[in-house]
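The lines below spell out each chain.
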Amino acid sequence: MSTDRLGAQSDERGGERVYLDHAATTPLRPEALEAMLPLLGGGFANPSGLHASSRRARRVVDDAREQLAAALGCEEGEVVFTSGGTEADNLAVAGVAYGSGATVLASAVEHHAVLDPTLYRNGVLAPVDGDGVLDLDRLAVLLERHAATLCLVAVMLANNETGVLQPLDEVVTLVRDHAPGALVHVDAVQAFPWCDVAGATASCDLVAVSAHKFGGPKGVGALVVRAKARERLSPLARGGGQERGLRPGTENVAGIAAMAAAATATIAERPATVARVAALRDRLAEGLVSSRPGVVEAAPRERRVAGNCLVALEATEGDEVCYLLDAAGIDASTGSACASGAREPSHVLLAMGWSRARAHSAVRLTLGATSSATDVERVLEVLPEVLDRLRS
Ligand code: PLP
């Protein structure tokens, strides 16, 4: 595979590749590139210095903070820049629980960036139903049971594998009623391109986002830390006093500016993008389901973000499907993580009650702002043939 001057990816035969892995990462938006380029050149100064060049860099960070705060519906002083979603989630979970024996509760379908620090502290996992949505009755029971020691409840807004949205308002109400001592953390990393994150998380204490999921660069993200959480959050690293001491280290000025530009552009285009991509995704999902037997969507589409099309392809292995799609110029992924050669089925799909065999058959096709009808038609042409080949 090679990359041309404009960044379009093409395969060895020179044909354009079909990129359907936007949940893994998105192409850099032109607004983000434009914002970051000058800062990689002449505008390179450290924002913590006292001289004019540093003061200029500081202004860039301040402006980006203001823009991102508007995008996330919080105060400027509540934005903590991080190295991405993983660090933001870890800061929320481990930073609130830091040095205490307090309990963390998370949904069973969280990304590993939340799941692993939760399990590391022997946290509690709340079950989901067959559609991947939190079981609110069982959540209420768990909150009651652990109320005395609970310091944090972590629930993602949109799932990275299935795209399923969680009923955040109901979760927050339950936490405030049953475990008022606990903070609420929301991983909004996958939701940002598709949902009004500012509105959806207005009553939450901590919110994580990551730039590369919405057209920004990799390696930069943010954690919203609202006042109640600020009092209880400890930094995970010690050093300079940047980010109000919560995330010491010289800021990624270019990345921060690019993230703010990408967030603003994403929000401006969001309603149109969601409508267009949802129509493409529906065509893709319906086309796949009707093309061959044994193609099953992960959950009802109205419960999922617009760009997600995760399907079980019964009597196949998802990684074999992805391998053949790859050879045909289509970038897709499985619903499973691959650890040290032994592929374990996705904890998300198992938590939804899928069998191991069905979870292994999952393929995740995720569309984004740059996806087109041509991409969809190409998958509809290739994937049924791939199924025939693997099943024969
Ligand atoms: N949370 C969710 C839901 C994600 O999908 C991801 C990345 O895939 C992360 C957290 C981690 O973000 P990052 O890649 O910026 O570390």
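Refer to the structure presented above.
Residues numbered from 1 in each chain as written. Predicted model: local features only at pLDDT ≥ 70, side-chain atom pairs only at ≥ 80, totals over all residues. Heavy atoms only, no water.

A.B. asks: Would you explain the pattern of salt bridges in this entry?
C.D. replies: Should their charged atoms come close, side chains of opposite charge can pair. Tallied over the entire structure, the rule returns 22 salt bridges. Linking Arg176 and Asp205 is a salt bridge whose minimum nitrogen-to-oxygen distance equals 3.3 Å. Of this pair, Arg176 sits in helix α6 (residues 168-178) while Asp205 sits in the loop between α7 (197-200) and β9 (206-210), placing them 29 residues apart in sequence. With relative accessibility at 28%, the residue Arg176 sits in the partly exposed group. Judged by its relative accessible area of 5%, Asp205 falls in the buried class. Through salt bridges that share partners, Arg281, Asp282, Glu286, Glu297, Arg301 and Arg304 make up one connected network. (Salt bridge = Lys/Arg side-chain N within 4 Å of Asp/Glu carboxyl O. Helix = DSSP H or I, 4+ residues; strand = E, 2+ residues; numbered from the N terminus. Buried < 20%, exposed > 50% of the residue type's maximum accessible area, 1.4 Å probe, protein only.)

A.B. asks: So what exactly am I meant to see when it comes to the side chain of Ser333 here?
C.D. replies: Within the secondary structure layout, Ser333 lies in strand β14 (residues 333-334). Here Ser333 falls in the buried class, since its relative accessible area comes to 14%. Once residues lying within four places of it in the same chain are set aside, the contact partners of Ser333 are Asp21, Cys322, Val363 and Arg364. (Contact = heavy atoms within 4.5 Å.)

A.B. asks: Whenever I open this one, the packing of aromatic side chains confuses me. Can you help?
C.D. replies: Describing an aromatic ring pair means giving the distance of the ring centres and the angle of the ring planes. Applying the stated criterion across every chain, the model contains 1 aromatic pair. Between the aromatic rings of Phe192 and Phe214, the centroid separation amounts to 4.4 Å while the plane-to-plane angle is 40°, which identifies the pairing as tilted. Placement of the pair is Phe192 in the loop between β8 (183-187) and α7 and Phe214 in the loop between β9 and β10 (221-225), with a sequence separation of 22 residues. Looking at Phe214, the relative accessible area reads 4%, which means it is buried. Above the plane of the ring of Phe192 lies Arg270, whose end atom (NZ or CZ) is 5.2 Å from the centre. (Phe/Tyr/Trp six-rings, centres within 6.5 Å; stacked < 30°, edge-to-face > 60°. Lys NZ or Arg CZ within 6 Å of the ring centre and 35° of its normal.)

A.B. asks: Would you mind showing me how to read the packing of helix α9 (residues 253-291) against helix α13 (residues 373-391) here?
C.D. replies: Helices that pack against each other are described as a pair by the angle of their axes relative to one another and the distance between those axes. Contact geometry for α9 and α13: axes closest at 10 Å, N-to-C directions at 10°. Looking at the two axes, α9 sits roughly parallel to α13. Here α9 and α13 pass one another in a crossing that is right-handed. Here α9 contributes Leu280, Arg283, Leu284, Gly287, Leu288 and Ser291 to the contact with α13, which in turn contributes Ala373, Val376, Glu377, Val379, Leu380, Leu383 and Pro384. (Axes fitted to C-alpha atoms, helices over the stretch in contact; angles between N-to-C directions. Parallel < 35°, antiparallel > 145°, perpendicular 65-115°, else oblique. Left-handed = near helix turned anticlockwise from the far one by under 90°.)

A.B. asks: Honestly, the site of the ligand in this entry has me stumped. Any pointers?
C.D. replies: With respect to spatial proximity, 13 residues lie near the ligand, and among them Thr86, Asp187, Gln190, Ser210 and Lys213 are the closest. A distance of 3.5 Å is found between an oxygen atom of the ligand and a side-chain nitrogen or oxygen belonging to His111. A distance of 2.6 Å separates a nitrogen atom of the ligand from a polar side-chain atom of Asp187. Compared with its free state, where it exposes 390 Å², the ligand has 85% of that area covered by protein. (Near = heavy atom within 4 Å. Polar contact = N/O pair within 3.5 Å; in protein donor to acceptor, adjacent residues only side chain to side chain. Areas by Shrake-Rupley, 256 points an atom, 1.4 Å probe, with all protein chains shown as cover.)

A.B. asks: Where do I start with helix α2 (residues 52-72) in this structure?
C.D. replies: Along an α-helix, residues three or four positions apart point the same way, because every turn accommodates 3.6 residues. Over its 21 residues, α2 extends 30 Å from the first C-alpha to the last, a length consistent with the 30 Å expected when each residue adds 1.5 Å. Those residues of α2 lying buried are Ser54, Ala57, Val61, Ala64, Arg65, Leu68, Ala69, Ala71 and Leu72. Burial along α2 is one-sided: seen end-on, the buried residues are contained in an arc of 155°. Looking at the buried residues of α2, the elements they touch are β4 (79-82), α7, β9, β10 and α9. (Expected span 1.5 Å × (residues − 1). Arc of directions from axis to C-beta.)

By themselves, these figures tell us nothing about what the structure is for.
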